[in-house]
Amino acid sequence: MAIVCVGIDLAKNVFAVHGVNEAGRAELVRPSVAREKLHELLAALPPCVIGMEACSGAHHWARLFTASGHTVRLIAPKFVTPYRMSGRRGKNDAADAAAIFEAVQRPHMRFVPVKNLAQQSQLMLHRARQGFVEQRTATLNRIRGLLSEFGIVLPLKAATVRRRACECLEDLPGWANTIVGDLLSEVSRLDERIAQYDQYIRQEARQDARAQWLMRLRGVGETTATCLLAMVGNGHEFECGRQLAAWLGLVPGQYSSGGKARLGRITKAGDPYLRSLLVMGARAVLATAKNQPDPVSRWALALQERRGYWKAVVAIAAKNARMAWAVLRRGEDFAMPA
């Protein structure tokens, strides 16, 4: 019988494959497949459903297998764990491949959309830029830590650290002058690199019509719009805007039982980078709401007065996420509210 479904546990060099035929019998069980042999093995099979965990390299393999005629489904690792028959203590590559096969057959399983090359390139821009930002923050904190050894305690504000460190540079003894000077030069170099990547992101936003639609939303700029396109695409994997907001972790967790609704804290699930962009945009909306007479600003101010600052910020971010889903799904047909 022909194999109809395959589960693959991805790795760097050695992969585990679990294939099942039409009768539900495991016919292709390979606990150890070399990387250079994986594509050859799957390309020889008739078109079938292939399940993999969404991890490093998963989108690359998904594109290769799709080109061979297969239907590829990517699953978040947390959804695969409950289907491992050996439990947490029996985790190995073969058990993971069998669990992926079980999970991919569930009728209500949620899948991760396969990113194309353009989406991965855009997302790489954001990942690299965020890495430079983290390096700059670490370097500034290193300057603060070194200067504190000489009794110079600086606040957290980056501009103050730069200014005060330059002012006291000549008073530092010995090698301290050279080291702090080099660190300040490194900060300037990272500033230039971040500005360069900001220009790349701005260029991507100008060339994409969907990014222009998203940027019409208050609190959504070039960085947020391009990141949404890179991670969400057209939003077809979400049935409604609420699902996108829940995927981003902008909704409270539920502990409801017995007909009584109990809501907990904001889940903070999903990608923290995209969520932080939406939250920062929401803070900007709330900061300028006092000078805006539109309904959204009035709603935001009333919500802040009723529920507090941070709950209003998260509510605005969730609203922007739901509006962004509508823009991506409907495009130019979406009627932007006043």
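Since the model is a prediction, treat every value here as computed from it, not as a measurement. (Residues numbered from 1 in each chain as written. Predicted model: local features only at pLDDT ≥ 70, side-chain atom pairs only at ≥ 80, totals over all residues. Heavy atoms only, no water.)

**Considerations on the overall build of the chain**
Line of reasoning, step 1. Check the secondary structure of the chain and you find 13 helices and seven strands.
Line of reasoning, step 2. Each principal axis of the C-alpha distribution contributes one length, and for the chain these read about 80 × 55 × 45 Å.
Line of reasoning, step 3. In the chain, buried positions account for 40% of the 338 residues.
Line of reasoning, step 4. Nonlocal contacts in the chain, meaning residues at least 24 apart in sequence, comprise 54% of its contacts between residues at least 6 apart.
Line of reasoning, step 5. Surface summary for the chain: the accessible area is close to 19,100 Å², and the carbon and sulfur share equals 52%.
Line of reasoning, step 6. The positive charge centre, built from 47 side chains, and the negative charge centre, built from 29, are 9 Å apart in the chain. (Helix = DSSP H or I, 4+ residues; strand = E, 2+ residues; numbered from the N terminus. Buried < 20%, exposed > 50% of the residue type's maximum accessible area, 1.4 Å probe, protein only. Contact = heavy atoms within 4.5 Å. Areas by Shrake-Rupley, 256 points an atom, 1.4 Å probe, with all protein chains shown as cover. Lys, Arg positive; Asp, Glu negative; His and termini not counted. Charge placed at Lys NZ, Arg CZ, Asp CG, Glu CD.)

**Overview of helix H13 (residues 309-330)**
Line of reasoning, step 1. When the terminal C-alpha atoms of H13 are compared, their 32 Å separation across 22 residues agrees well with the 32 Å that a helix rising 1.5 Å per residue should span.
Line of reasoning, step 2. Gly-331 sits one or two residues past H13 and shows a positive phi near 65°. (Expected span 1.5 Å × (residues − 1).)

**A few points about unusual backbone geometry**
Peptide bonds are mostly trans, and most non-glycine residues show a negative phi.
Line of reasoning, step 1. Despite not being glycine, Lys-268 shows a phi value in the positive range, around 55°.
Line of reasoning, step 2. Of note, Lys-268 is situated in the loop between strand S7 (263-266) and helix H11 (272-288).
Line of reasoning, step 3. On the basis of relative accessible area, Lys-268 is assigned to the exposed category, the value being 61%.

**Some words on the layout of surface pockets**
Line of reasoning, step 1. Reported here for the largest pocket is a volume of approximately 1,300 Å³.
Line of reasoning, step 2. Forming the walls of the largest pocket are 40 residues, and the residues nearest its centre are Ala-76, Phe-79, Val-112, Phe-238 and Trp-247.
Line of reasoning, step 3. Where the lining of the largest pocket is concerned, the elements lending two or more residues are helix H2 (58-67), helix H3 (77-80), helix H5 (117-148), helix H9 (222-232), helix H10 (241-247) and strand S6 (252-254).
Line of reasoning, step 4. It is H5 that contributes the most residues to the lining of the largest pocket, four residues altogether.
Line of reasoning, step 5. Its residues assigned to classes, the lining of the largest pocket comprises 22 nonpolar, 11 polar and seven charged.
Line of reasoning, step 6. Considering only enclosed or pocket space, the second largest pocket measures out at about 730 Å³ in volume.
Line of reasoning, step 7. Secondary structure elements with two or more residues in the lining of the second largest pocket: H10, S7, H11, helix H12 (295-307) and H13.
Line of reasoning, step 8. In terms of residues, the lining of the second largest pocket owes the most to one element, H13, which gives seven residues.
Line of reasoning, step 9. Here the lining of the second largest pocket is composed, by residue class, of 12 nonpolar, one polar and eight charged. (1 Å grid on protein atoms, 1.4 Å probe; cavity = no way out; pocket = protein on both sides within 12 Å on 5 of 7 lines; lining within 4 Å. Points joined across faces, edges and corners; volume = space filled by probe spheres on them. Nonpolar A, V, L, I, M, F, W, Y, C, P; charged D, E, K, R; others polar.)

**Concerning the nonpolar core**
Line of reasoning, step 1. Counting residues in hydrophobic clusters, the biggest one holds 41 residues, and the most contacted among them are Leu-214, Val-232, Leu-248 and Leu-250.
Line of reasoning, step 2. Put simply, the parts of the chain that give this core at least two residues each are helix H8 (209-214), H9, H10, H11, H12 and H13.
Line of reasoning, step 3. Considering each element in turn, this core owes the most residues, 13 residues, to H13.
Line of reasoning, step 4. For Leu-250, the residues in contact, after removing those within four places along its chain, are Ala-245, Ile-266, Arg-275, Leu-278, Val-279, Val-314, Ala-317, Ala-318 and Ala-321.
Line of reasoning, step 5. Formed by 21 residues, the second largest nonpolar core is a distinct cluster that contains Val-17, Trp-61, Phe-65 and Leu-74. (Core = buried A, V, L, I, M, F, W, Y, C linked by side-chain atoms within 4.5 Å.)

**Details of the packing of H5 against helix H6 (residues 158-167)**
Line of reasoning, step 1. Running from amino to carboxyl end, H5 crosses H6 at an angle of 50°, the nearest separation of the two axes being 11 Å. As far as their axial angle goes, H6 and H5 are oblique. Where H5 crosses over H6, the two elements pack in a sense that is left-handed. Here Arg-136, Leu-140, Ile-143, Arg-144 and Leu-147 of H5 come into contact with H6, specifically with Ala-158, Val-161, Arg-162 and Ala-165.
Line of reasoning, step 2. Taken together, the residues that form the contact of H5 with H6 break down as six nonpolar, no polar and three charged. (Axes fitted to C-alpha atoms, helices over the stretch in contact; angles between N-to-C directions. Parallel < 35°, antiparallel > 145°, perpendicular 65-115°, else oblique. Left-handed = near helix turned anticlockwise from the far one by under 90°.)

**Quick word on the pattern of salt bridges**
Line of reasoning, step 1. Taken as a whole, this structure holds 11 salt bridges when the rule is applied.
Line of reasoning, step 2. A salt bridge links Asp-96 to Lys-91; the nearest nitrogen and oxygen atoms lie 2.7 Å apart.
Line of reasoning, step 3. On the basis of relative accessibility, which here comes to 53%, the residue Lys-91 falls in the exposed class.
Line of reasoning, step 4. Note that Arg-218 is salt-bridged to Asp-294, the shortest N-O span being 3.0 Å. With Arg-218 in the loop between H8 and H9 and Asp-294 in the loop between H11 and H12, this pair connects stretches of sequence that are 76 residues apart.
Line of reasoning, step 5. Judged by relative accessible area, Arg-218 falls into the partly exposed class, the value being 28%.
Line of reasoning, step 6. For Asp-294, a relative accessible area of 17% puts it in the buried group. (Salt bridge = Lys/Arg side-chain N within 4 Å of Asp/Glu carboxyl O.)

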